[in-house]
Amino acid sequence: SKGCKLVGCGSAVPSLQISNADLSKIVDTSDEWISVRTGIRNRRIVSGKDSLTALAIEAARKALQMALVDPEDLDLVLMCTSTPEDLFGSAPQIQKELGCKKNPLAYDITAACSGFVLGLVSAACHIRGGGFKNVLVIGADALSRYVDWTDRGSCILFGDAAGAVVVQACDIEEDGLYAFDLHSDGEGQRHLNAIMKENEKDQALGTNGSLLGLLPKGSSYSCIQMNGKEVFRFAVRVVPQSIELALEKAGLAGSSIDWLLLHQANQRIIDAVATRLDFPSERVLSNLANYGNTSAASIPLALDEAVRSGKVKAGHTIATAGFGAGLTWGSAIVRW
Ligand code: ACO
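Parameters at a glance
- Residues numbered from 1 in each chain as written.
- Predicted model: local features only at pLDDT ≥ 70, side-chain atom pairs only at ≥ 80, totals over all residues.
- pLDDT = per-residue confidence, 0-100.
- Helix = DSSP H or I, 4+ residues; strand = E, 2+ residues; numbered from the N terminus.
- Buried ≥ 20, exposed ≤ 12 C-beta atoms within 10 Å, placed from the backbone.
- UniProt positions renumbered as here; feature names shortened; annotations may be inferred.
- Near = placed C-beta within 6 Å.
- Nonpolar A, V, L, I, M, F, W, Y, C, P; charged D, E, K, R; others polar.
- Axes fitted to C-alpha atoms, helices over the stretch in contact; angles between N-to-C directions.
- Parallel < 35°, antiparallel > 145°, perpendicular 65-115°, else oblique.
- Left-handed = near helix turned anticlockwise from the far one by under 90°.
- Contact = placed C-beta atoms within 7 Å.
- Arc of directions from axis to C-beta.
- Pairing = 2+ DSSP bridges.

Visitor: So what exactly am I meant to see when it comes to the confidence of the model for the protein here?
Guide: Predicted coordinates in areas of low pLDDT are best not read in detail. Residues at a pLDDT of 70 or more form 97% of the protein, whose mean pLDDT is 95. Here the complex is predicted with pTM 0.95, and the ipTM for its interfaces comes to 0.92.

Laid out in structure tokens, this is it:
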């Protein structure tokens, strides 16, 4: 059987930075409330001509450069996003822009904040079972486009970003993706969603009873609806369990893991999970003060910062976990 390992990472964020003080001008909130309850101080937001696809491409190029992998040698591009700029998927567009000349497979994965972990697992499956060699996994989201900017309970949480890693086939002795644990529970959709809605009927286009009146009028998505308390409880309950299961599958003790890298949703969730797993705070990665919850991008964005700042070094083991809308959650034990 084949092994696979992480060989590069990269990230990109939009330039517009919005602070808690900025938000307090549009909703009834304060820097103190937001930072005490969430740990978030700033977030980056796409605006004007910003493109999420362009951020994904920038993150991907940096990851390929670090990995010393030529775009022409990629045989799979996975774009993990719940906010694609093309409903049909944006991975093929990214594949084209990167200059992957052999037309490698490229497709999107929709799993909100768990997207990146699912992308890692998919990369490993394609390498182990499908003979793929170089797989680009991108996590990118612009949830700000679906935020209700009048809802102070949710609009303070989210930011936009892209992150990427390159996963490469290797000998089984060098295998660096040790174990996974993945779950979902559609029952919890009611706690966190952004549901499709049909556009208002245009009277000029047909009235009830006529054929045009029966046909769909085009659709768009509602803003994010969230029950913060329920999502908080869910995360603190399932994430430690999932990481423990993945550690067990990997045959590793928590004490042998160098870094805990959770989806960056809320510092209180990160702290609660670390406490339940007996992880000292010095071994917990966090950058959500600067970026907020960037959904599928948060794990590769935090990984990239930690690698480039020299915190995460070659050979370190990382327990990572994504969790969020779906509901979906999953964890992975990997080596950098
Ligand atoms: N500023 C000031 N007050 C606020 C704000 C705000 N931004 N938001 C809510 N409040 C008020 C509420 O109105 C409420 O007031 P009341 O007591 O007078 O009714 C009070 O603060 C407490 O509100 P709660 O919602 O109970 O606050 P809580 O402590 O649960 O914190 C939070 C809310 C930060 C959203 C928290 O529940 C949380 O982080 N949950 C997890 C959310 C999350 O991570 N979601 C993303 C998941 S990942 C994905 O897939 C997208």
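Visitor: Which parts of the structure should I look at to understand unusual backbone geometry?
Guide: Across the junction of Gly326 and Leu327, the peptide omega takes the value -5 degrees, indicating a cis bond. Along the chain, Leu327 falls in the loop between strand 14 (317-324) and strand 15 (328-335). Residue Asn103 is not a glycine yet carries a positive backbone phi of 55 degrees. Inspection of the secondary structure puts Asn103 in the loop between helix 4 (91-98) and strand 5 (105-109). Note on Asn103: 9 C-beta atoms within 10 Å, which makes it exposed. Of note, Asp278 is a non-glycine position whose phi angle comes to about 60 degrees, a positive value. Counting through the fold element by element, Asp278 comes out in the loop between helix 8 (267-276) and helix 9 (288-291).

Visitor: Can you walk me through the UniProt feature "domain: Beta-ketoacyl-[acyl-carrier-protein] synthase III N-terminal" (unreviewed entry) in the protein in this structure?
Guide: Per the UniProt record, "domain: Beta-ketoacyl-[acyl-carrier-protein] synthase III N-terminal" (unreviewed entry) is annotated on residues 107-186. When the span residues 107-186 is considered, its composition is 20% helix and 39% strand, and the gap between its end C-alpha atoms is 23 Å.

Visitor: Is there a simple way to think about the site of the ligand in this case?
Guide: Not every one of the 23 residues close to the ligand is listed here, only the nearest: Thr29, Cys113, Gly228, Ala265 and Gly324. Going through the elements one at a time, helix 2 (31-38) and helix 7 (228-250) are the ones with two or more residues in the shell around the ligand. Of the residues contributing to the shell around the ligand, the split by class is twelve nonpolar, eight polar and three charged.

Visitor: Teacher, can you tell me more about the packing of helix 7 against helix 8 here?
Guide: How two helices sit against one another is set out by the angle between their axes and by the gap between those axes. In contact at an axis separation of 9 Å, helix 7 and helix 8 are set at 30 degrees when each is read in the N-to-C sense. With respect to each other, helix 7 and helix 8 are oriented roughly parallel. Seen along the crossing, helix 7 lies across helix 8 with a hand that is right-handed. Packed against helix 7, whose contacting residues are Phe232, Ala235, Val236, Val239 and Pro240, the element helix 8 presents Ile269, Ala272, Val273 and Arg276 at the interface. When the residues that make up the contact of helix 7 with helix 8 are grouped by side-chain class, the tally is eight nonpolar, no polar and one charged.

Visitor: Please explain helix 8 as it appears in this structure.
Guide: Three or four residues apart is the spacing at which side chains of an α-helix point the same way, because the helix has 3.6 residues per turn. Within helix 8, the full set of buried residues consists of Ile269, Ile270 and Val273. Across the axial projection of helix 8, the buried residues extend over an arc of 100 degrees, all falling on one side. Contacts from the buried residues of helix 8 go to helix 7 and strand 13 (259-262). Of the residues trailing helix 8, Asp278 is marked for its positive phi of about 60 degrees.

Visitor: Please clarify how the pairing of strand 13 should be interpreted in this entry.
Guide: Two faces make up the sheet, and in a regular strand the side chains alternate between them. Burial along strand 13 is two-sided: the residues Trp259 and Leu261 and Leu260 and Leu262 are all buried. Here strand 13 runs beside strand 14; their pairing, made up of four bridges, is parallel. Residue pairing for strand 14: Leu262 is matched across the bridge by Ala321.

Visitor: I keep staring at the sheet that holds strand 1 (residues 3-12) and nothing clicks. Help me out?
Guide: For sheets, the rule is that strands pair by backbone hydrogen bonds, running either parallel or antiparallel. Spatial strand order, 1-7-6-4-5: five strands in an open sheet with mixed pairing. One side of each edge strand has no neighbouring strand; the edge strands of this open sheet are strand 1 and strand 5. For this sheet, the mean inter-axis angle between neighbouring strands, taken without regard to orientation, is 20 degrees. As defined by bridge partners, strand 1 adjoins strand 7 (residues 160-170) across nine bridges and the pair is classed as antiparallel. Along strand 7, the bridge assignment pairs Gly8 with Val166.

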